[in-house]
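Chain by chain, the residues:
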Amino acid sequence: MDVVRTVVPGALLLDRSADGTSTAPDLTALTARRRRRPARDAVLGLFGHPGDPVLLGVPRDSGYAVVIDARPDADTFGRLAVALLEGPQQLLVPPGCLYGVQSVASGTVVELRSASRLPRRERFDVDPDDPDLAVRWLRPRPARTPGTARSWAALITRLGAPAGPRRDRVSLW
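Attention here is on the structure that accompanies the text. (Residues numbered from 1 in each chain as written. Predicted model: local features only at pLDDT ≥ 70, side-chain atom pairs only at ≥ 80, totals over all residues. Heavy atoms only, no water.)

### Side note on the nonpolar core
Formally: Throughout, nonpolar core names a set of buried Ala, Val, Leu, Ile, Met, Phe, Trp, Tyr and Cys residues whose side chains join them through atoms within 4.5 Å. Residue exposure (1.4 Å probe, protein chains only): buried if accessible area is under 20% of the type maximum, exposed if over 50%, otherwise partly exposed. Note on conventions: DSSP H or I runs of at least 4 residues are helices, E runs of at least 2 residues are strands, and numbering of each starts at the N terminus.
One finds Ile68, Leu98 and Trp152 to be the most contacted residues of the largest nonpolar core, which totals 20 residues. Of all the elements in the fold, those that place two or more residues in this core are β4 (43-48), β6 (62-69), β7 (80-86) and α1 (152-159). The next biggest cluster of nonpolar side chains, apart from the first, holds 19 residues, and it includes Leu13, Ala81, Val93 and Tyr99.

### Brief notes about α1
Counted only if it meets this: Think of it as the arc spanned by the lines of direction from the helix axis to the C-beta atoms.
Listing the buried residues of α1 in full gives Trp152, Leu155 and Ile156. For α1, the angular spread of the buried residues around the axis is 95°, confining them to a single face. Directly beyond the C-terminal end of α1, a positive phi value near 70° is found at Gly160.

### A few points about the side chain of Thr6
Just so we agree on the cut-off: Whenever a nitrogen or oxygen atom comes within 3.5 Å of another N or O atom, the pair is scored as a polar contact, on the condition that within protein one atom can donate a hydrogen and the other can accept it, and that pairs from neighbouring residues in sequence are kept only if both atoms are in side chains.
Mapped onto the elements, Thr6 comes out in the loop between β1 (2-5) and β2 (12-15). At a separation of 2.9 Å, a polar atom in the side chain of Thr6 contacts the main-chain carbonyl oxygen of Val8. Among the polar contacts listed, one links the side chain of Thr6 to the backbone oxygen of Ala11, at a separation of 3.0 Å.

### A few points about the pattern of salt bridges
The test is simple: Salt bridge criterion: a side-chain nitrogen from Lys or Arg within 4 Å of a carboxyl oxygen from Asp or Glu.
On inspection of all chains with the given rule, the structure shows nine salt bridges. For Asp41, the salt bridge identified is with Arg139, shortest N-O distance 3.4 Å. In this pair, Asp41 sits in the loop between β3 (32-36) and β4 while Arg139 sits in the loop between β11 (124-125) and α1, placing the two residues 98 residues apart along the sequence. Linking Arg150 and Asp125 is a salt bridge whose minimum nitrogen-to-oxygen distance equals 3.1 Å. Of the two residues, Arg150 is situated in the loop between β11 and α1 and Asp125 in strand β11; the sequence distance between them amounts to 25 residues. Judged by relative accessible area, Arg150 falls into the partly exposed class, the value being 32%. For Asp125, a relative accessible area of 24% puts it in the partly exposed group. Overlapping salt bridges, with partners in common, bring together Arg33, Arg35, Glu111 and Arg113 in one network.

So, in structure tokens, the structure goes:
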């Protein structure tokens, strides 16, 4: 397995098909599995689990994955990292970070694994089109005005974090 670190500490791109010599993280605790089939160009997310990592994969077709560091105490708070996930590639999202996937093809399947299924009120949920985040999705998104309840500003208020995202680093893995 090949393991690639990202600009978001703890977020790892895993490629099970590669013969890399990197030490792979232990993923045995991530037993709760969910599969989604978003429509082409639709975005699944942005979601976050405050206490558990999430393993994100696209076993069928491809998806454009985004990770945003939403840990207020991290030096990388608000930092974004993006990658195109296909087949055996997976993304390990650390606790406290937001993740989302845009379906790039018809029939894309997104698989999420976590240690447990959190109730909705315990998860983070931010609109993928929030203007404060200004995520540049791979495929154009329809123009719309997201609600304030699912905004980046609402999340940082909930977390007691400083206002405004840091947009100084966006990295492709």
